[in-house]
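Observations on the three-dimensional arrangement
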Amino acid sequence: MLKIILLILQIICALGVIATILLQSGKSAGLSGSIAGGGEAIFGKKKGLDDLLSKITAYLCVAFMILTLALAIMG
């Protein structure tokens, strides 16, 4: 029963990691980044949201690794 609960939590963490990574904005590299960089200078960038999403991603990744290790030890 505990293994099933851990597996469900691991799947939820995996989906959360995928969602938070996809919601983050890119680093804008290359020529397109230099063109888009001018727009960010005028309109601003969502810095607070990116910081929050990166922290959530880190916490979810740590939780995913701990759950994976727990399932491997139980296995």
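Here the structure is shown first, and the text comes after it.
Let us look at the structure shown here. (Residues numbered from 1 in each chain as written. Predicted model: local features only at pLDDT ≥ 70, side-chain atom pairs only at ≥ 80, totals over all residues. Heavy atoms only, no water.)

This part takes up the overall build of the protein chain. If you tally the helices and strands in the protein chain, you get 3 helices and 0 strands. Of the regular secondary structure in the protein chain, the N- to C-terminal order runs α-α-α. When the 75 residues of the protein chain are sorted by exposure, 16% land in the buried category. Counting only contacts in the protein chain whose residues sit at least 6 apart along the sequence, the fraction spanning at least 24 positions is 92%. (Helix = DSSP H or I, 4+ residues; strand = E, 2+ residues; numbered from the N terminus. Buried < 20%, exposed > 50% of the residue type's maximum accessible area, 1.4 Å probe, protein only. Contact = heavy atoms within 4.5 Å.)

What follows is about a nonpolar patch on the surface. On the surface, Met-1, Ile-4, Ile-5, Ile-8, Leu-9 and Ile-12 cluster together into a nonpolar patch covering about 630 Å² of accessible area. Within the fold, Ile-4 resides in helix H1 (residues 2-23). (Patch = residues over 30% accessible without salt bridge, like charges linked within 9 Å, V, L, I, M, F, W, Y side chains within 5 Å. Areas by Shrake-Rupley, 256 points an atom, 1.4 Å probe, with all protein chains shown as cover. Salt bridge = Lys/Arg side-chain N within 4 Å of Asp/Glu carboxyl O.)

In a regular helix each residue adds 1.5 Å, so 28 residues correspond to 40 Å; helix H3 (residues 47-74) covers 41 Å between its end C-alpha atoms and thus fits that length. Turning to H3, its buried residues are Asp-50, Leu-53, Thr-57, Leu-67 and Leu-71. Contacts made by the buried residues of H3 are with H1. (Expected span 1.5 Å × (residues − 1).)

Tracing the sequence through the fold places Thr-57 in helix H3. Overall, Thr-57 belongs to the buried group, its relative accessible area being 10%. Residue contacts for Thr-57: discarding those within four places in its chain leaves Thr-20, Ile-21 and Gln-24.

Here the focus is the environment of Ile-4. Using a relative accessible area of 51% as the deciding quantity, one classes Ile-4 as exposed. C-alpha separation for the pair Ile-4 and Leu-71, spaced 67 residues apart in sequence, amounts to 9.5 Å.

Where H1 contacts H3, the axes come no closer than 9 Å and their chain directions differ by 150°. Considering the angle they form, H1 stands roughly antiparallel to H3. Note on packing geometry: the crossing formed by H1 with H3 is left-handed. (Axes fitted to C-alpha atoms, helices over the stretch in contact; angles between N-to-C directions. Parallel < 35°, antiparallel > 145°, perpendicular 65-115°, else oblique. Left-handed = near helix turned anticlockwise from the far one by under 90°.)

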